[in-house]
Amino acid sequence: MAQQKGVTVWFTGLSGAGKTTITQAVAQTLREQGYGIEILDGDLIRENLTKGLGFSKADRDENIRRIGFVSQLLTRNGVIVLVSAISPYRAVREEVRQKIGSFVEVFVNAPLATCEERDVKGLYKKARSGEIKQFTGISDPYEPPLHPEVECRTDLETLDESVSQVFAALEAAGYLPTEARAMAH
Ligand code: ADP
């Protein structure tokens, strides 16, 4: 396999903002081009690596630290790691960025009203009714990134446009050759 540079691409945003959708699309294109990639999906991670952790600030931070640790190991071995996790707190996102080094932050941004309207998993309804407590955006904070490498406004742009933005950032930062995106479109 061609030499590839490891990098963590960290997708943060509200539930329903589009993290999973963009991650899957980016992953598919990278796989088709023969890159070695791994997806660390927040929901899946909470079922195994961080099983038992809750949604207090301390537990959310611990969840992100563990994801960050695995991501660091993979990244330093040349893997392109796509992390898809709400990761609501700015400070711990900065912490993992510093530890990993090769890091591209993607703010998957849609207004709360849009996410709630989509209600992909029916969770906002449950959060509004009080069935789910500490729900990000409703009854728990979300601290948007101040200087993300990429911001995908998924209420205003198509999935293809969001994906292209991620590729452009990876190219600009030197993690992918510039022909990668041209091949995808
Ligand atoms: P998250 O993983 O952030 O919880 P999902 O990816 O599961 O969010 O859901 C996002 C929803 O928004 C999907 O139904 C997707 O089809 C839709 N969507 C609309 N426009 C976009 C876009 N530009 N990028 C990503 N998702 C989009």
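Residues numbered from 1 in each chain as written. Predicted model: local features only at pLDDT ≥ 70, side-chain atom pairs only at ≥ 80, totals over all residues. Heavy atoms only, no water.

- An unreviewed UniProt entry lists the chain under the name Adenylyl-sulfate kinase, with Pegethrix bostrychoides GSE-TBD4-15B as the source organism.
- Recorded under Function (unreviewed entry), the UniProt text for the chain is reproduced unchanged: "Catalyzes the synthesis of activated sulfate."
- Listed under Catalytic activity (unreviewed entry) in UniProt, the entry text for the chain is "adenosine 5'-phosphosulfate + ATP = 3'-phosphoadenylyl sulfate + ADP + H(+)". (UniProt positions renumbered as here; feature names shortened; annotations may be inferred.)

1. Some thoughts on the sheet that holds strand S4 (residues 103–109)
Phase 1: The sheet built from five strands is open, its strands ordered S2-S3-S1-S4-S5 with parallel pairing. At either end of the open sheet lies a strand with only one pairing partner, and these are strand S2 (37–41) and strand S5 (150–153). When the angles between neighbouring strand axes are averaged without regard to direction, this sheet yields 15 degrees.
Phase 2: Pairing of strand S1 (residues 7–12) with strand S3 (residues 80–84) involves five bridges; the strand directions are parallel. Within S3, the position partnered with Phe11 by the bridge is Ser84.
Phase 3: Across the sheet, helix H7 (residues 159–172) is in contact with S1, S4 and S5; its angle to S5 comes to roughly 175 degrees. (Pairing = 2+ DSSP bridges. Helix = DSSP H or I, 4+ residues; strand = E, 2+ residues; numbered from the N terminus. Axes fitted to C-alpha atoms, helices over the stretch in contact; angles between N-to-C directions. Contact = heavy atoms within 4.5 Å.)

2. Details of the UniProt feature "active site" (unreviewed entry) in the chain
Phase 1: In the numbering used here, UniProt assigns the feature "active site" (unreviewed entry) to Ser87.
Phase 2: In this structure, Ser87 sits in the loop between S3 and helix H4 (90–100).
Phase 3: Taking the relative accessible area as the measure of exposure, Ser87 reaches 2% and is therefore buried. (Buried < 20%, exposed > 50% of the residue type's maximum accessible area, 1.4 Å probe, protein only.)

3. What about the site of the ligand?
Phase 1: What surrounds the ligand is a group of 17 residues, the closest being Gly16, Lys19, Thr20, Thr21 and Glu157.
Phase 2: One of the backbone N or O atoms of Ala17 is found 3.3 Å from an oxygen atom in the ligand.
Phase 3: Contacts to the ligand include Glu157, whose backbone N or O atom sits 2.9 Å from a nitrogen atom.
Phase 4: Protein chains bury 78% of the 570 Å² of accessible surface belonging to the ligand in isolation. (Near = heavy atom within 4 Å. Polar contact = N/O pair within 3.5 Å; in protein donor to acceptor, adjacent residues only side chain to side chain. Areas by Shrake-Rupley, 256 points an atom, 1.4 Å probe, with all protein chains shown as cover.)

4. Quick look at the packing of aromatic side chains
Phase 1: According to the stated counting rule, one finds three aromatic pairs in the structure shown.
Phase 2: Considering the side-chain rings of Phe107 and Tyr142, the 6.1 Å spacing of their centres and the 20 degrees angle between planes classify their relative orientation as stacked. Of the two residues, Phe107 is situated in strand S4 and Tyr142 in the loop between helix H6 (123–129) and S5; the sequence distance between them amounts to 35 residues.
Phase 3: Looking at Tyr142, the relative accessible area reads 16%, which means it is buried.
Phase 4: When the centroid spacing of 5.0 Å and the interplanar angle of 80 degrees are considered together, the rings of Tyr124 and Phe135 count as edge-to-face. On the criterion of sequence distance, the pair formed by Tyr124 in helix H6 and Phe135 in the loop between H6 and S5 is long-range, its members being eleven residues apart. Considered together, Tyr124 and Phe135 belong to a single accessibility category, that of buried residues.
Phase 5: The lysine or arginine in question, Arg46, covers the ring of Phe55, its NZ or CZ lying 3.9 Å from the ring centre.
Phase 6: Between Lys57 and the ring centre of Tyr89, over which it is positioned, the NZ or CZ distance is 4.7 Å. (Phe/Tyr/Trp six-rings, centres within 6.5 Å; stacked < 30°, edge-to-face > 60°. Lys NZ or Arg CZ within 6 Å of the ring centre and 35° of its normal.)

5. Points about the UniProt feature "binding site: ATP" (unreviewed entry) in the chain
Phase 1: In the numbering used here, UniProt assigns the feature "binding site: ATP" (unreviewed entry) to Gly13, Leu14, Ser15, Gly16, Ala17, Gly18, Lys19 and Thr20.
Phase 2: Residue Gly18 is classed as buried on the basis of its relative accessible area, which comes to 16%.
Phase 3: Relative to the helices and strands, Lys19 is located in helix H1 (residues 19–32).
Phase 4: Here Lys19 is in contact with Phe11, Thr12, Gly13, Leu14, Ser84, Ala85, Ile86 and Val108, once residues within four sequence places are set aside.
Phase 5: Of the polar contacts made by the side chain of Lys19, one reaches the backbone oxygen of Leu14; its length is 2.8 Å.

6. Let's talk about the nonpolar core
Phase 1: Counting 34 residues, the largest nonpolar core has Val9, Ile80, Leu82, Val104, Val106 and Val166 as its most contacted members.
Phase 2: Among the secondary structure elements, those contributing two or more residues to this core are S1, H1, S2, S3, S4, H6, S5 and H7.
Phase 3: Beyond its immediate sequence surroundings of up to four residues, Leu82 is in contact with Val9, Phe11, Thr23, Val26, Ala27, Ile37, Glu38, Ile39 and Leu40.
Phase 4: With 14 residues, the next largest nonpolar core counts Val81, Val96, Ile100 and Phe103 among its residues. (Core = buried A, V, L, I, M, F, W, Y, C linked by side-chain atoms within 4.5 Å.)

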